[in-house]
Structure formats: C-alpha cells, structure tokens
Amino acid sequence: MRGVSGFRHAIGEEEFPAEPGRYHLFVALNCPWCHRVTLARSVLGLQNSVTMDVAFLNRTGDDDPEGPNLWEFAPDRVASLTGATLPECTVETGTGRGLRLAKEIYRADDSEEQSLPILYDKIAGRIVNNESADIIRMLDVAADALGSTIPTAERVRLYPDDDMLRQHLYDLNDLIYRTINNGAYKAGFSSDQRIYEAAFDAYFETLEQLEKLLSDGRPFLLGVHFSEADLRLFPTLYRHDPVYNMRMKLNGARILDYPNLWRWLCRVYALPGVANAGSLVHCRQGYFGRSWNGVVPSGPFKPMPYPEAYLHPDLAAL
Ligand SMILES: N[C@@H](CCC(=O)N[C@@H](CS)C(=O)NCC(=O)O)C(=O)O
C-alpha cells in the first residue's frame, strides 16, 4: 500500500516563485519515483539551477537510534557490491543544516512523512512537494523561469499542449503507473500467490500492449516527441532486465525479448541527460543489498552486461 504524498504545493504559486537557484531536490538513485525527477531535471537542462542531494541507497538498520528504514545522507557508507563508497552520494546541503536523515527535513516542516523524492525551497526553508508526478510536471512548465540551459525551441516538452495528446498521456500514465511502475512492487513484494500472479499477468499484458503501440514505427509512446509518458515508463524498464526480472519475480521475459520496446529503451537511454540521471549500481545494491542475504547477483552478462547493453538497439530479438 503506497502512502499519499502530503506536500502538494507547486512552483509558480505566490509563496514559491519560479527562480533559478532557489529549489533543491533530495533523492535516492535506486528509487524509481526519484528517478522520474532526476530524469526531468536532466533532460530539461536544470542541473545547474536546481541543486540536488543523493541519499545512500540502503536505508538505516534496526540499530539506528532514529529507527530503521530511514533515508540517510551518508556518503561515507560502503556498498557491499563495490566494496567502496559511492561517488554519487552526498551529505545533506539543501537545508544548510547538514541534516543526517530525510526524516529530519520533514520534522522541521511538522510532518511525520519520510519518503523521497522531496522538492525543497532553500530560501523559504520549506518543503514544496514530495510527489514525483507533480514535480516532473512543474519542472517542465517552469523550465524557462527556473533557468534551463537548453533554449526553449530545442528543449523537450514533457507535458504536451495538444488536448488529444494530453488525453492519451493521462490514459498511458494511469495504465503504466498501475500495472508497470507500481505493478512491479505489487508483484515483487506480495506474499500472496494469487495477488502476485495477477500483478505478474497485468505487467506483461501491458508490455505486450506497449510493444504493439510502438510497432507502427513511432519513436516515442505519444508519437514523434518524447513526453512525460516515456519519462514515467523508463525507470521501470531500465530496472527490468538487471533487477526486477529476478528481485520482483517478473521473470516472464526480458525487455530484450520485445524488439520495439528494447529499441525504445535504447532510444530514450541515448537522449541527452538520460544515462547520467540514473545508476544501475545504486539500483542493484538498493534492491538486492537489503533483501535475502544481502549478496547482490552479478548478472546478467549475456548478451551483454547492463547498462552497456542499452547502447545496442541492435541486440533486440530479430
Ligand atoms: N508517490 C510518491 C512515492 C514516493 C515513494 O514511495 N518513495 C519511496 C522510495 S522508492 C520511499 O521513500 N518510501 C519510504 C517511505 O515512504 O517511508 C512519489 O511518486 O514521489
């Protein structure tokens, strides 16, 4: 059961004016919801004007004085997968107080929540929003005022102007959220055989549907242009072959087995700003490092290791 995000303000409201350098993101790179916002920040050219902190990917343990399962900003923690610290992880810089836990950012705003991502206003010292679906939309709408480095005419429009496209976007967002983004968790975390099987079937039925949608040669889900629909589908499919196929028991097929979806995945991965907005090391450590006995599986390496395989659309099953 996924909680409902309690902070739903928007950049552009009176108390949260759209200004370069004012806003900050708190994320973890193994979290697919956080991956939505790191992708939006990157493809919209906001890396300089919206700053970001990255939590360690395994949450606190039972021995933590503040409690278990909390996101921690601890770049000195070692990942068992690499036997070293992770260069992407940071201390907490957004509040100016060097806090250890995301929970403390919420407590400072009188909230009992503890999830990531968080969009934070460094000037007001307040949380703006903690719902990834809202955050990607407002970054898109306010990209110019926030100081995007990409000229408007050259920048992707995640949220299309056209009403017909918007309706198609809402339908795809709903289907992909229920059966793919959240569906993967319904399958992987279920302890009930029937619930697992229903989520498994719905997940692969939607993959089949999307494979068919892309079979008319369109480069992206809504057609010619990359949009929010592609951005919301990518984090789950990026994790499928190297993580979810095993960890979420979604072993019906690999994305490699869907030629159109595989080429779409490689096409999105090749877009400017996409490859650096995520990390499979963080994903593998995050999903496997706190499951089973903590040993992270080394594969897959055939036909190629990941993410290198995403540089090869030609690998798709012919
Ligand atoms: N609806 C939120 C969901 C965020 C979410 O569930 N994040 C997870 C990490 S993958 C989290 O922080 N869970 C911890 C918690 O809720 O305690 C969004 O899309 O931003």
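Residues numbered from 1 in each chain as written. Predicted model: local features only at pLDDT ≥ 70, side-chain atom pairs only at ≥ 80, totals over all residues. Heavy atoms only, no water.

Bringing the packing of aromatic side chains into the picture now. Per the counting criterion, the structure on display carries 20 aromatic pairs. Here Phe26 and Tyr120 contribute two aromatic rings whose centre-to-centre distance is 5.7 Å and whose plane-to-plane angle is 70°, an arrangement assigned as edge-to-face. Taken together, the residues Phe26 in strand 1 (residues 23–27) and Tyr120 in strand 5 (residues 118–121) connect sequence positions 94 residues apart. The two residues Phe26 and Tyr120 agree in class, both being buried. An aromatic cluster is present here, built from Trp33, Tyr177, Tyr185, Phe189, Tyr244 and Tyr287 joined pairwise through their rings. The ring of Tyr159 has Arg137 sitting right over it, with the charged end atom 3.8 Å from the ring centre. (Phe/Tyr/Trp six-rings, centres within 6.5 Å; stacked < 30°, edge-to-face > 60°. Helix = DSSP H or I, 4+ residues; strand = E, 2+ residues; numbered from the N terminus. Buried < 20%, exposed > 50% of the residue type's maximum accessible area, 1.4 Å probe, protein only. Lys NZ or Arg CZ within 6 Å of the ring centre and 35° of its normal.)

Moving on to the domain arrangement of the protein. In terms of domains, the protein is made up of domain 1 (23–154) and domain 2 (163–315). In this assembly, 27 residues from domain 1 lie in contact with 33 residues from domain 2. Summed over both sides, the interface of domain 1 with domain 2 buries roughly 2,400 Å², with 61% coming from carbon and sulfur. At the boundary of domain 1 with domain 2, the tally comes to 1 salt bridge. Arg137 is paired through a salt bridge with Glu228; the nearest N and O atoms lie 2.6 Å apart. Applying the counting criterion to the domain 1 and domain 2 interface returns 12 residue pairs in polar contact (both at pLDDT 80 or more). Contributions of two or more residues to the side of domain 1 that touches domain 2 are made by helix 1 (32–43) and helix 3 (132–141). No other element matches the 9 residues that helix 1 contributes to the side of domain 1 that touches domain 2. (Domains from an automatic or database assignment. Contact = heavy atoms within 4.5 Å. Buried area = accessible area lost by both parts, 1.4 Å probe. Salt bridge = Lys/Arg side-chain N within 4 Å of Asp/Glu carboxyl O. Polar contact = N/O pair within 3.5 Å; in protein donor to acceptor, adjacent residues only side chain to side chain.)

Glancing now at the side chain of Ser5. Relative to the elements of secondary structure, Ser5 occurs in the segment before strand 1. For Ser5, a relative accessible area of 12% gives the class buried. Looking at Ser5, its side chain comes within polar contact range of the side chain of Glu131, at 3.0 Å.

With 3 bridges joining them, strand 5 and strand 6 (residues 126–129) adopt antiparallel strand pairing. The partner of Tyr120 across the bridge, within strand 6, is Ile127. (Pairing = 2+ DSSP bridges.)

With that settled, the discussion passes to the site of the ligand. Close contacts around the ligand come from 13 residues, with Arg2, Trp71, Leu116, Glu131 and Ser132 the closest. Glu131 is positioned such that a nitrogen or oxygen atom in its side chain is 2.7 Å from a nitrogen atom of the ligand. Taking Ser132, its side chain carries an N or O atom lying 2.6 Å from an oxygen atom of the ligand. In isolation the ligand exposes 510 Å². Once the protein is present, 82% of that is buried. With respect to the detected pockets, the ligand is housed in the largest pocket. (Near = heavy atom within 4 Å. Areas by Shrake-Rupley, 256 points an atom, 1.4 Å probe, with all protein chains shown as cover. 1 Å grid on protein atoms, 1.4 Å probe; cavity = no way out; pocket = protein on both sides within 12 Å on 5 of 7 lines; lining within 4 Å. Sits in = over half its atoms within 2 Å of the grid points.)

As a further point, take the nonpolar core. With 92 residues, the main nonpolar core has Leu237, Trp262 and Trp264 as its most contacted residues. In terms of residues, this core owes the most to one element, helix 7 (residues 228–247), which gives 8 residues. For this core, the domains that each give at least three residues are domain 1 (23–154) and domain 2 (163–315). Ranked by size, the runner-up nonpolar core spans 5 residues in total, among them Phe56, Leu57, Ala79 and Cys89. (Core = buried A, V, L, I, M, F, W, Y, C linked by side-chain atoms within 4.5 Å.)

Moving on to empty space enclosed by the protein. Tallying each qualifying case throughout the model produces 1 cavity of 30 Å³ or more. Along the walls of the largest cavity sit Pro32, Trp33, Arg36, Asn181, Arg232, Pro235 and Thr236, which together make up its complete lining. Contributions of two or more residues to the lining of the largest cavity are made by helix 1 and helix 7. Partitioned by chemical class, the residues of the lining of the largest cavity number 3 nonpolar, 2 polar and 2 charged. In terms of domain composition, the lining of the largest cavity takes at least three residues from each of domain 1 (23–154) and domain 2 (163–315). (Points joined across faces, edges and corners; volume = space filled by probe spheres on them. Nonpolar A, V, L, I, M, F, W, Y, C, P; charged D, E, K, R; others polar.)

In this section: the packing of helix 4 (residues 163–181) against helix 6 (residues 193–213). Interaxial distance between helix 4 and helix 6 falls to 9 Å at its minimum, and their mutual angle equals 145°. With respect to the hand of their crossing, helix 4 and helix 6 are arranged in left-handed fashion. For the pair helix 4 and helix 6, contact is made by His168, Leu172, Leu175, Ile176, Thr179 and Ile180 and by Ala202, Tyr203, Thr206, Leu207, Gln209, Leu210 and Leu213, respectively. Looking at side-chain class alone, the contact of helix 4 with helix 6 contains 9 nonpolar, 4 polar and no charged residues. (Axes fitted to C-alpha atoms, helices over the stretch in contact; angles between N-to-C directions. Left-handed = near helix turned anticlockwise from the far one by under 90°.)

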